[in-house]
Amino acid sequence: DSGVTQTPKHLITATGQRVTLRCSPRSGDLSVYWYQQSLDQGLQFLIQYYNGEERAKGNILERFSAQQFPDLHSELNLSSLELGDSALYFCASSALGQGQAPLHFGNGTRLTVT
Amino acid sequence: SQQGEEDPQALSIQEGENATMNCSYKTSINNLQWYRQNSGRGLVHLILIRSNEREKHSGRLRVTLDTSKKSSSLLITASRAADTASYFCATDNAGNMLTFGGGTRLMVKP
């Protein structure tokens, strides 16, 4: 058990809709990362937050947004969903900045857009 | 874009054999990490090796790093069926952004 909790585990929704994915980081970790994993694109870094502030941005679409709250949990909002957004979305946390320490991954949210 | 590329993409071996996976990357790194992913689950960290280290061990795992060749290898000795998973290398390059490769799918047959 990594200590990172993601909800929901599965999400099925229609094109054009908006969903929110939630992540609780491991106790004590200040950094939260969001990754998208799809068969054709592999594991893609979306965005990182550190203690409530955005720290790094990767291949995140403008239709996607995220935030980290004072209690350090994070939410990833996906809007105007398209079929191609179907993927596994992972949250990870670490005590230090990205790359400096191991990342602890949750078990992901599997999003299916129909 | 992917900084690290694993080779081979898929590997099938018998239980008890050794498995070797390779990772090549393009730009200078601060460190390199290896992760394992069981099907449909989150990634699990295995080993972090810093750019000034050449070899690191953890149980049945041995990781080497050759910065002159921009490559790393992960060796799993005496493999078990439970080692069946995908293995990813991840590099920490400029900006401290961790970039994952496409992974090697390892199947260990009992």
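Since the structure is predicted, the reported quantities are computational estimates derived from the model, not experimental observations.

Enquirer: I tried to follow the interface of chain A and chain B on my own but got confused; where do I start?
Expert: The figure often quoted for interface size is the accessible area lost as the parts come together. The interface of chain A with chain B comprises 22 residues on the first partner and 19 residues on the second. Of the roughly 1500 Å² buried between chain A and chain B on both sides combined, carbon and sulfur atoms contribute 51%. At the boundary of chain A with chain B, the tally comes to 0 salt bridges. Inspection of the chain A/chain B interface yields 3 residue pairs in polar contact (both at pLDDT 80 or more). Broken down by secondary-structure element, the contributors of at least two residues to the side of chain A that touches chain B are β4 (31–38), β5 (42–50), β6 (53–57) and β9 (87–94) of chain A.

Enquirer: Which parts of the structure should I look at to understand the pattern of salt bridges?
Expert: For side chains bearing opposite charge, pairing can occur when the charged atoms are close. One pass over the full model with this rule turns up 6 salt bridges over all chains. R63 of chain A is the salt-bridge partner of D85 of chain A, the closest N and O atoms lying 2.8 Å from each other. Residue D85 of chain A is found in the loop between β8 (74–78) and β9, and its partner R63 of chain A is found in the loop between β6 and β7 (64–68); the two are separated by 22 residues along the sequence. Judged by its relative accessible area of 19%, R63 of chain A falls in the buried class. Here R60 of chain B ties to D83 of chain B by a salt bridge, and the two come within 2.9 Å at their closest N and O atoms. Of the two residues, R60 of chain B sits in the loop between β6 (55–58) and β7 (61–66) while D83 of chain B sits in the loop between β8 (71–76) and β9 (85–92), which places them 23 residues apart along the sequence. Its relative accessible area of 23% is what places R60 of chain B among the partly exposed residues.

Enquirer: Would you take a moment to explain the state of the cysteines for this structure?
Expert: In a disulfide, the sulfur atoms of two cysteines are held together by a covalent bond. The full count for this structure, using the stated rule, is 2 disulfides over all chains. With its sulfur 1.8 Å from that of its partner, C23 of chain A forms a disulfide with C91 of chain A. Given an S-S torsion of about -55°, the disulfide between C23 of chain A and C91 of chain A has left-handed geometry. Of this pair, C23 of chain A sits in strand β3 (residues 19–24) while C91 of chain A sits in strand β9, placing them 68 residues apart in sequence. By relative accessible area, which is 0% here, C23 of chain A ends up buried. One disulfide in the model links C23 of chain B with C89 of chain B; its S-S distance is 2.0 Å. Residues C23 of chain B and C89 of chain B share a disulfide whose torsion about the S-S bond is about 65°; that sign makes it right-handed. Pair noted here: C23 of chain B is in strand β3 (residues 19–24) and C89 of chain B is in strand β9, with a separation of 66 residues, a long-range link.

So, how was this worked out
Sequence order sets the numbering: in each chain, residues are counted from 1 along the sequence as written. By the order in which they are written, chains take letters starting at A while ligands take numbers starting at 1. Residues qualify for local features only when their pLDDT is at least 70, as the model is predicted, and side-chain atom pairs are given and counted only at 80 or more; totals for whole chains, interfaces and linings, by contrast, use all residues. Only hydrogens and water are set aside; all other atoms, that is, all heavy atoms of the structure, feed into the side-chain values. Every residue pair with non-hydrogen atoms within 4.5 Å of one another is taken to be in contact. Values labelled buried area give the accessible surface lost by two parts on being combined, using a 1.4 Å probe and summing over both. Each reported salt bridge corresponds to a side-chain nitrogen of Lys or Arg within 4 Å of a carboxyl oxygen of Asp or Glu. Polar contact is the term for a pair of N or O atoms within 3.5 Å; when the atoms are in protein, one must be able to donate a hydrogen and the other to accept it, and sequence-neighboring residues count only if both atoms are side-chain atoms. Helix and strand labels come from DSSP, where a helix needs a run of H or I of at least four residues and a strand needs a run of E of at least two; each type is numbered from the N terminus. Here the term buried applies to any residue with accessible area under 20% of the maximum for its type, exposed to any over 50%, and partly exposed to those in between, with areas from a 1.4 Å probe on protein chains only. Criterion for a disulfide: a pair of cysteine sulfur atoms at a distance within 2.5 Å.

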